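A structural walkthrough
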Amino acid sequence: MKKFLVVEDSPIVIKIIKHIAKLDPSLHFDTATSYKEAKTLLEDNGIDKYLAAVVDLNLPDAPDGEVVDYTLSLKIPTIVLTGSYDEHKRDEMLEKPIVDYVVKESRFSYEYVLKLIHRLHKNQHIKVLVADDSKTSRKFITTMLQPHLYQVIEAEDGQQALEIIQKDSNIKLLITDYNMPVMNGFDLVKNIRREVDKNSLVIIGLSTQGSGGLSAKFIKNGANDFLSKPFSHEEFHCRILHNIETMEHVETIQHAAYHDYLTDLFNRRYFYEKGEEALSNSHKKGTPTCLALIDIDHFKKINDVYGHDAGDHTLKEISVLLKQAFGRFIFARMGGEEFCALMPGLDINKATTLLENFRELVEDHIIMLDNTSVTVTISAGIASDENNSLDELMNEADRQLYNAKEGGRNQICAAS
Ligand SMILES: Nc1nc2c(ncn2[C@@H]2O[C@H](COP(=O)(O)OP(=O)(O)OP(=O)(O)O)[C@@H](O)[C@H]2O)c(=O)[nH]1
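The rules behind these values
- Residues numbered from 1 in each chain as written.
- Predicted model: local features only at pLDDT ≥ 70, side-chain atom pairs only at ≥ 80, totals over all residues.
- Helix = DSSP H or I, 4+ residues; strand = E, 2+ residues; numbered from the N terminus.
- Buried ≥ 20, exposed ≤ 12 C-beta atoms within 10 Å, placed from the backbone.
- Contact = placed C-beta atoms within 7 Å.
- Axes fitted to C-alpha atoms, helices over the stretch in contact; angles between N-to-C directions.
- Parallel < 35°, antiparallel > 145°, perpendicular 65-115°, else oblique.
- Left-handed = near helix turned anticlockwise from the far one by under 90°.
- Nonpolar A, V, L, I, M, F, W, Y, C, P; charged D, E, K, R; others polar.
- Near = placed C-beta within 6 Å.
- Domains from an automatic or database assignment.
- UniProt positions renumbered as here; feature names shortened; annotations may be inferred.
- pLDDT = per-residue confidence, 0-100.
- Pairing = 2+ DSSP bridges.
- Core = buried A, V, L, I, M, F, W, Y, C linked by C-beta atoms within 7 Å.
- Arc of directions from axis to C-beta.
- Right-handed = clockwise from strand over helix to strand, strands pointing away.

Within the chain, the regular secondary structure consists of 15 helices and 17 strands. Projected onto its principal axes, the C-alpha coordinates of the chain cover approximately 80 × 60 × 35 Å. For the chain, with 416 residues in total, the buried portion stands at 35%. Across the chain, the fraction of contacts at a sequence separation of at least 24, relative to all contacts at a separation of at least 6, is 64%.

At a minimum axis separation of 9 Å, helix 8 (residues 185-193) and helix 9 (residues 214-221) run at an interaxial angle of 20°. Here helix 9 runs roughly parallel to helix 8, going by the angle between their axes. Crossing of helix 8 against helix 9: the hand is right-handed. Where helix 8 abuts helix 9, its residues Gly185, Phe186, Val189 and Lys190 lie against Lys217, Phe218 and Asn221. Among the residues forming the contact of helix 8 with helix 9, the class breakdown is three nonpolar, two polar and two charged.

A separate point is the site of the ligand. Around the ligand, the surrounding shell holds 16 residues, and the nearest of these are Asp297, Phe299, Lys300, Gly311 and Gly336. Put simply, the parts of the chain that give the shell around the ligand at least two residues each are strand 11 (289-296), helix 12 (299-306) and helix 13 (308-326). The element best represented in the shell around the ligand is helix 13, accounting for four residues. Tallied by class, the residues present in the shell around the ligand amount to four nonpolar, five polar and seven charged.

Before going further, it helps to spend a moment on the domain arrangement of the chain. Along its sequence, the chain is carved into domain 1 (3-121), domain 2 (125-258) and domain 3 (268-414). With centres defined by C-alpha atoms, the gap from domain 1 to domain 3 works out at 53 Å.

A few words on the UniProt feature "modified residue: 4-aspartylphosphate" (unreviewed entry) in the chain. In the numbering used here, UniProt assigns the feature "modified residue: 4-aspartylphosphate" (unreviewed entry) to Asp56 and Asp177. On the basis of their most widely separated C-alpha atoms, the annotated residues across 122 residues do not gather in one place, lying as much as 36.6 Å apart. In this structure, Asp56 sits in the loop between strand 3 (50-55) and helix 3 (66-73). Beyond its immediate chain neighbours, meaning those up to four positions away, Asp56 contacts Val7, Glu8, Asp9, Leu81 and Thr82.

As a further point, take the UniProt feature "domain: GGDEF" (unreviewed entry) in the chain. When the UniProt feature table is mapped onto this chain, "domain: GGDEF" (unreviewed entry) is found at residues 287-416. Taken end to end, residues 287-416 is 47% helix and 27% strand, and its first and last C-alpha atoms sit 18 Å apart.

Across the chain, the average pLDDT comes to 93, with 99% of residues at 70 or higher. Model confidence for the complex is summarised by a pTM of 0.78, with the ipTM given as 0.98.

Read across the sheet, five strands follow the order 7-6-8-9-10 without closing on themselves; strand pairing throughout is parallel. Each end of this open sheet is capped by a strand with a single partner; those strands are strand 7 (151-155) and strand 10 (225-229). In this sheet, neighbouring strand axes are inclined to one another by 20° on average, regardless of whether the strands run parallel or antiparallel. Across five bridges, strand 6 (residues 127-131) lies against strand 8 (residues 171-177) in parallel orientation. Each bridged residue has a counterpart across the sheet, and for Val128 the counterpart in strand 8 is Leu173. Against the sheet, helix 9 makes contact with strand 9 (202-208) and strand 10, and its axis sits at roughly 160° relative to strand 9, the strand it touches most.

Time to look at the nonpolar core. Counting residues in each nonpolar core, the largest one holds 43 residues, and the members touching the most others are Leu291, Ala292, Cys340, Ala380, Ile382 and Ala397. Core analysis: the second largest hydrophobic core is formed by 33 residues, Ala131, Ile141, Leu145 and Leu201 among them.

Another aspect to go through is the sheet that holds strand 5 (residues 100-103). Reading across from one edge, 2-1-3-4-5 is the order of the five strands in this open sheet, with parallel pairing throughout. This sheet does not close on itself; its edge strands, each paired only once, are strand 2 (29-32) and strand 5. With direction set aside, neighbouring strand axes in the sheet form an average angle of 20°. Looking at chain direction, strand 4 (residues 78-82) and strand 5 are connected through four bridges and run parallel. Along strand 5, the bridge assignment pairs Thr82 with Val103. Together, strand 1 (3-7), strand 3, strand 4 and strand 5 form the strand contacts of helix 5 (residues 107-123), whose direction differs from that of strand 3 by roughly 155°.

Turning our attention to helix 8. Turning to helix 8, its buried residues number three or more, namely Gly185, Leu188, Val189 and Ile192. Burial along helix 8 is one-sided: seen end-on, the buried residues are contained in an arc of 95°. Buried residues in helix 8 make contact with strand 6, helix 7 (158-167), strand 8, strand 9 and helix 9.

Attention shifts here to the pairing of strand 4. Along a regular strand, successive side chains alternate from one face of the sheet to the other. Strand 4 sits mainly inside the fold: five of its five residues count as buried. Side chains Thr78, Val80 and Thr82 project from strand 4 onto one buried face, and the interleaved Ile79 and Leu81 project onto a second face that is buried too. Handedness of the crossover is the feature at issue here: the chain leaves strand 3, passes through helix 3, returns alongside strand 4, and the resulting connection is right-handed. Between the parallel elements strand 4 and strand 5, the chain passes through helix 4 (residues 87-94) in a crossover that is right-handed.

Attention shifts here to the environment of Glu66. Relative to the assigned elements, Glu66 resides in helix 3. When the 13 C-beta atoms within 10 Å are taken as the criterion, Glu66 is described as partly exposed. Along the backbone, Glu66 and Tyr35 are 31 residues apart, and their C-alpha atoms lie at a distance of 7.9 Å.

Here you go:
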């Protein structure tokens, strides 16, 4: 992560920021104790070195927030961190395109500033679409989003917005007006929700106050939230932040629910959910499908001889090879040293060839441990689909895996 710049003359404040930032190894910052020093630092290092600036309003050579104007003039996202709460000053600052205005009240204020820095870092990868037929309104919203480093795209009507979203799955937030030509905001939301759910794209509707429950209608049509015009700088950003963070939390939970903690491969739950779906599609289309159960041979020995950490490392290495070999299929760590792959489109001959290649890949792969290196082998059982259920395929593959183990391991057995 890029560095941030702290412009602050109080040694105590610098010490607190240093202390809190130390707890997070991804955070790095430079300090300047005056306007002059900040200027020299930015001229010497270049503005691209900094993600953002955290600026005190009252410095010996800049007593009235002059550094804020300076960093903003360089288009550096600027967070004001001030010791005094002055309502007038605060309103004056929030008129400028600053990221936020934070009062040094407690440890939480500093933690909040560092959270903002992380947010700015993440925002760089978030695409936002602003749909409004009024150029002035679009510009107004874009101007509020840009200091927060979002990638902003604009659309002039609902139809244009829909087409942009259909083409670009990286758009994570849509801010849309209601009244637009060609397609209005409600129809836009309804159309989007046929394809993209609330956890993949946040939609915030814009409604004008006194316009007869537009906000509720937006939500009923599938928007995550709404903003009533006119809204304040802080309300705008709080709503956006709240919704984006909720989406990110859901993403984290979904990832944890479907992935194995050690290897980050998909887990049994994912395999059964996606596998049933894929198998039923294959049955409908009449395409062949094979299922392989793969098991590392004598894995217990790795743990016993080299320790549990070496065992974990081996599982991770084999998982990387699995991703390479089965990346286009549905595959998962089912538990322990057992993996499973469902291969729609492959008949038994093609599946056997793929598994044979994988067996050789594993056999030839050298796993580096702390003081030594090892190789392992795998055995696998393959079952082919003859309108069988996933459980039946699994049982047959398990019988074939048993044969492979009994036959001396390091081999593939397939149901004929
Ligand atoms: N390090 C590590 N070991 C694990 C993990 N999950 C399961 N194991 C170990 O995997 C070993 C599996 O041993 P067995 O079922 O006897 O199988 P094996 O030694 O591979 O022998 P065969 O399958 O018959 O070739 C056990 O010792 C488990 O403790 C894990 O996440 N990490």
